[in-house]
Amino acid sequence: QVELVESGGGSVQAGGSASLSCEVSAHIYSGYCMAWFRQVPGKEREGVAVLDSGNGLTAYVASVKGRFTISRDNAKNTLYLQMNSLKPEDTAMYYCALGVNQWGCSNAAPSYVHWGRGTQVTVSS
């Protein structure tokens, strides 16, 4: 019943920025974990950023710390990922995901039950 739709992907020059959005077809309340994942062909899906919708706490994979920011707007039912200082290794399909927060939020894909279809981000050298 819950649907997620990503937008904002595209081609970006190295050092540039991009903003991703994820519209959620349900109200965002305090019981959610919200996250961005990314995946390239032949490799496992990687948790990039996680947000606890209850207390606002965030966590990031080490490779994007200081460059990416996850945020949400509960009134708009939208999750965001701001990406700055992009590198070619950031090239991937980016997915947003939702899960129920019971004991805290994880960066592991199996913890999330609702997924978007993904949006491609390509960073050129």
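Here, the structure is the one placed above.
In short, a report on the structure. (Residues numbered from 1 in each chain as written. Predicted model: local features only at pLDDT ≥ 70, side-chain atom pairs only at ≥ 80, totals over all residues. Heavy atoms only, no water.)

**As for the packing of aromatic side chains**
The condition that has to hold: Each aromatic pair joins two rings of Phe, Tyr and Trp (for Trp, the six-membered one) with centres within 6.5 Å, and gets the label stacked for planes under 30 degrees apart, edge-to-face for over 60, and tilted for any other angle. Helical segments are the DSSP runs of H or I of at least four residues, strand segments are the runs of E of at least two, and each set is numbered from the N terminus. Relative accessible area decides the class of each residue, using a 1.4 Å probe on protein chains only: under 20% of the type maximum gives buried, over 50% gives exposed, and in between gives partly exposed.
Following the criterion strictly, the structure yields three aromatic pairs and no others. When the ring of Phe37 is compared with that of Trp115, the centres are 4.9 Å apart and the planes differ by 55°; the resulting orientation is tilted. Here Phe37 is found in strand E4 (residues 32-39), whereas its partner Trp115 is found in strand E10 (residues 114-115), with 78 residues between them in sequence. Arranged with centres 6.5 Å apart and planes meeting at 75°, the rings of Tyr112 and Trp115 form a pair that is edge-to-face. Taking the relative accessible area as the measure of exposure, Tyr112 reaches 5% and is therefore buried. Through successive ring pairs, a cluster of aromatic residues spans Phe37, Tyr112 and Trp115.

**Looking at the sheet that holds strand E7 (residues 68-73)**
Going by this rule: Being paired, for any two strands, means DSSP has found at least two bridges between them. Axis definition: a line fitted to C-alpha atoms, over the contacting stretch in the case of helices. Angles run 0 to 180 degrees between N-to-C directions.
Taken together, four strands build an open sheet; the order of strands is E1-E3-E8-E7 and the sheet is antiparallel. With partners counted over all chains shown, the strands left at the sheet margins are strand E1 (4-7) and E7, one partner each. Each neighbouring strand pair of the sheet contributes to a mean axis angle of 15°, computed without reference to strand direction. Relative to strand E8 (residues 78-83), strand E3 (residues 18-24) is paired through six bridges, and the arrangement is antiparallel. Across the sheet, residue Ser21 finds its bridge partner in E8, namely Tyr80.

**A word on the pairing of E1**
Taking every second residue as pointing to the same face, the buried face of E1 carries Leu4 and Glu6, while none of Val5 and Ser7 on the other face is buried. Pairing analysis gives four bridges linking E1 to E3, with the strands arranged antiparallel. Among the inter-strand pairings, Leu4 is bridged to a residue of E3, identified as Val24.

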